[in-house]
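Breakdown of the fold
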Amino acid sequence: MNFGRGPSVVLNVGGTRYSFSREVLKDFPLRRVSRLHGCLSEQDVLEVCDDYDRERNEYFFDRHSEAFGFIMLYVRHGHLRFVPHMCELSFYNEMIYWGLEGSHLDYCCQRRLDDRMSETCTYYAAEEPNSGPEGKGRRPPGAEGGKWLERMRRTFEEPTSSVAAQVLATVSILFVIVSMVVLCASTLPEWRAPENRSVEEQSRYTAESVREPSGIIEAICIGWFTAECIVRFIVSKNKCEFVRRPLNIIDLLAITPYYISVLMTVFTGENSQLQRAGVTLRVLRMMRIFWVIKLARHFIGLQTLGLTLKRCYREMVMLLVFICVAMAIFSALSQLLENGLDLGTKNKDYASIPAACWWVIISMTTVGYGDMCPITVPGRILGGICVVSGIVLLALPITFIYHSFVQCYHELKFRSARYSRSLSAEFLN
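Residues numbered from 1 in each chain as written. Predicted model: local features only at pLDDT ≥ 70, side-chain atom pairs only at ≥ 80, totals over all residues. Heavy atoms only, no water.

Description of the overall build of the protein
Within the protein, the regular secondary structure consists of 19 helices and four strands. Counting only residues that meet the buried cut, the protein has 36% of its 429 residues in that class. (Helix = DSSP H or I, 4+ residues; strand = E, 2+ residues; numbered from the N terminus. Buried < 20%, exposed > 50% of the residue type's maximum accessible area, 1.4 Å probe, protein only.)

Structure follows, in structure tokens:
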């Protein structure tokens, strides 16, 4: 170290002092601290720290003292973990300041940081930059147009952001409910029988009297969903990101089958080709059930479920691995005990391992349809072990998923309350 005097130096971080020898600073694990060793002047020192006391040879850093204490534990013991009751992103900023990276964290804390960063990018990255009071009064050219687009975007994306957004969300929910009622009613025998008679008897009057109301309602609902999707695409900031979002993909899956079925009807007409394509049309019509998932835009419960599944994909994969391993073991043993060994009784339901997998999965999930059951004593003992193992294996990841669900729910409630406060301000203004 070419600046300062004395055999040791003192680091003052937020009021907490640490004393080191000059030689230790040369190879210190924290890059910002090690940079002090090469400082030649006081100006160089002030580029590294916030203040310097020449008489005490003390370097002052206006940073979080408790966070630096945990960072010093990493320097001494090699383990870096988050400070309790401190925001993960704030601690990560302290790490970046001192020259550490996310890879220096322990694995459990790395997962917490990844979840927090993904959540922040998902829900808070697209916020209005000039929404604070300091941003008012100094808008760049074209800010009025950007403000209008942002308001339109909030209206379509955030149901609690304004009165217009609430009205739009209510109308969208009504259209979803009406379309689902029509879809369910169209499968009733009372609705399908007149359609069949009209095709057989070639009676246009009967067919139109049955098809016209549901067809008109369906066309109106599709028109609303299409217009809503187009407007949301136009006002979105990032068009590629808009197409990749899961809810927008679901919207396309719900809208596209209607137009495909209409095109097929137009090009084939009421003839044998249409009859051969009847199965395809029925499948496309049933894909309208995806409209129910559109309610996730307006209900926190469905949003919480989706966010929980997104964050807990590791636990879900772990659960599937548990089930697959148990299925492989118990299906092979049950097939061997019930059909593979020459015990005088052969159970034809367990003729193969894939057939036994069905019995294993309904036993592990405690459904127990009763269509398959072991008849030998060893097979019944194995069945009891299979049921108990299924209860234990399914319960293991549930705790992690439950805590993640509660956390996601509180975060979304806080987000909704924030937009409700802006809605209250709109009423006051």
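Don't stop here, the text continues.
So, the pairing of strand β4 (residues 58-61)
In this structure, strand β1 (residues 8-13) lies alongside β4, joined through four bridges in parallel fashion. Within β4, the residue paired with V10 across the bridge is E58. Remark: four residues form the turn of the hairpin made by strand β3 (residues 51-53) and β4, two consecutive strands paired antiparallel; N57 in that turn has positive phi of roughly 55 degrees. (Pairing = 2+ DSSP bridges.)

Topic: the pattern of salt bridges
Counted by the stated rule, this structure contains six salt bridges. In this structure, R17 engages E58 in a salt bridge whose closest nitrogen and oxygen atoms are separated by 3.2 Å. Residue R17 is located in strand β2 (residues 16-21), and its partner E58 is located in strand β4; the two are separated by 41 residues in the primary sequence. For R17, a relative accessible area of 47% puts it in the partly exposed group. (Salt bridge = Lys/Arg side-chain N within 4 Å of Asp/Glu carboxyl O.)

Some details on the environment of I177
With respect to the helices and strands, the residue I177 is situated in helix α8 (residues 163-185). Taking the C-alpha atoms as reference, I177 lies 8.9 Å from W291; in sequence the two are 114 residues apart.

Some details on the environment of V171
In this fold, V171 is placed in helix α8. Judged by its relative accessible area of 27%, V171 falls in the partly exposed class. In this structure the C-alpha to C-alpha distance between V171 and W224, which are 53 residues apart in sequence, comes to 9.5 Å.

Here's the deal with the packing of helix α16 (residues 313-340) against helix α18 (residues 377-395)
Running from N to C, α16 and α18 point in directions that differ by 180 degrees, and their axes come no closer than 10 Å. With respect to each other, α16 and α18 are oriented roughly antiparallel. For the pair α16 and α18, contact is made by L319, F322, I323, A326, F330, L333, S334, L337 and E338 and by P378, G379, L382, I385, C386, S389, L393 and L394, respectively. (Axes fitted to C-alpha atoms, helices over the stretch in contact; angles between N-to-C directions. Parallel < 35°, antiparallel > 145°, perpendicular 65-115°, else oblique. Contact = heavy atoms within 4.5 Å.)

Focus on the UniProt feature "transmembrane region" (unreviewed entry) in the protein
The residues that UniProt annotates with the feature "transmembrane region" (unreviewed entry) are residues 163-188, 215-235, 247-269, 289-309, 316-337, 349-369 and 381-405. Between the first and last C-alpha atoms of residues 316-337 the distance is 31 Å; the span itself is 100% helix and 0% strand. (UniProt positions renumbered as here; feature names shortened; annotations may be inferred.)

Overview of the sheet that holds β2
Read across the open sheet, the four strands follow the order β2-β1-β4-β3; overall the sheet is mixed. Edge strands, defined here as strands with exactly one partner in the open sheet, are β2 and β3. Recorded for the sheet is a direction-independent mean angle of 20 degrees between the axes of neighbouring strands. Bridge count between β1 and β2: six bridges; the pairing is antiparallel.

A look at the nonpolar core
Counting 34 residues, the largest nonpolar core has Y59, F61, F91 and W98 as the members making the most contacts within it. A total of five residues in this core trace back to one element, the largest contributor, which is helix α4 (residues 65-77). For F91, the contacting residues outside a window of four places in its chain are A67, F70, I71, L80, R81, F82, V83, M86 and L105. Membership of the second largest hydrophobic core comes to 15 residues, among which are L319, F330, W359 and M364. (Core = buried A, V, L, I, M, F, W, Y, C linked by side-chain atoms within 4.5 Å.)

Overview of unusual backbone geometry
Backbone geometry at N57 places phi at a positive 55 degrees, although glycine is not the residue there. Topologically, N57 is positioned in the loop between β3 and β4. Residue classification places N57 among the buried positions, given a relative accessible area of 3%. Look at T366: it is not a glycine, yet its phi comes out positive at around 55 degrees. Within the secondary structure layout, T366 lies in the loop between α17 (353-364) and α18.

A look at the side chain of T226
Position of T226 among the secondary structure elements: in helix α10 (residues 204-235). A relative accessible area of 17% places T226 in the buried class. Among all residues touching T226, those that are not within four sequence positions of it are I255 and Y259.

As for α8
Spacing of three or four residues puts side chains on the same side of an α-helix, whose turn is 3.6 residues. Across its 23 residues, α8 extends 33 Å between first and last C-alpha, which sits within 8% of the 33 Å expected from 1.5 Å per residue. Taken together, the buried positions of α8 are occupied by A165, L168, A169, S172, I173, F175, V176, S179, M180, V182, L183 and A185. (Expected span 1.5 Å × (residues − 1).)

Let's talk about a nonpolar patch on the surface
Together, F299, L302, L305, L309, F405 and Y409 line one region of the surface with nonpolar side chains, adding up to about 510 Å² of accessible area. The element contributing the most residues to the nonpolar patch is helix α15 (residues 300-311), with three residues. Within the fold, L305 resides in helix α15. (Patch = residues over 30% accessible without salt bridge, like charges linked within 9 Å, V, L, I, M, F, W, Y side chains within 5 Å. Areas by Shrake-Rupley, 256 points an atom, 1.4 Å probe, with all protein chains shown as cover.)

Regarding α16
A rise of 1.5 Å per residue sets the reference length of α16, with its 28 residues, at 40 Å; its end C-alpha atoms lie 38 Å apart and thus fit the reference within 8%. Buried within α16 we find E315, L319, I323, A326, M327, F330, S331, S334, Q335, L337, E338 and N339.

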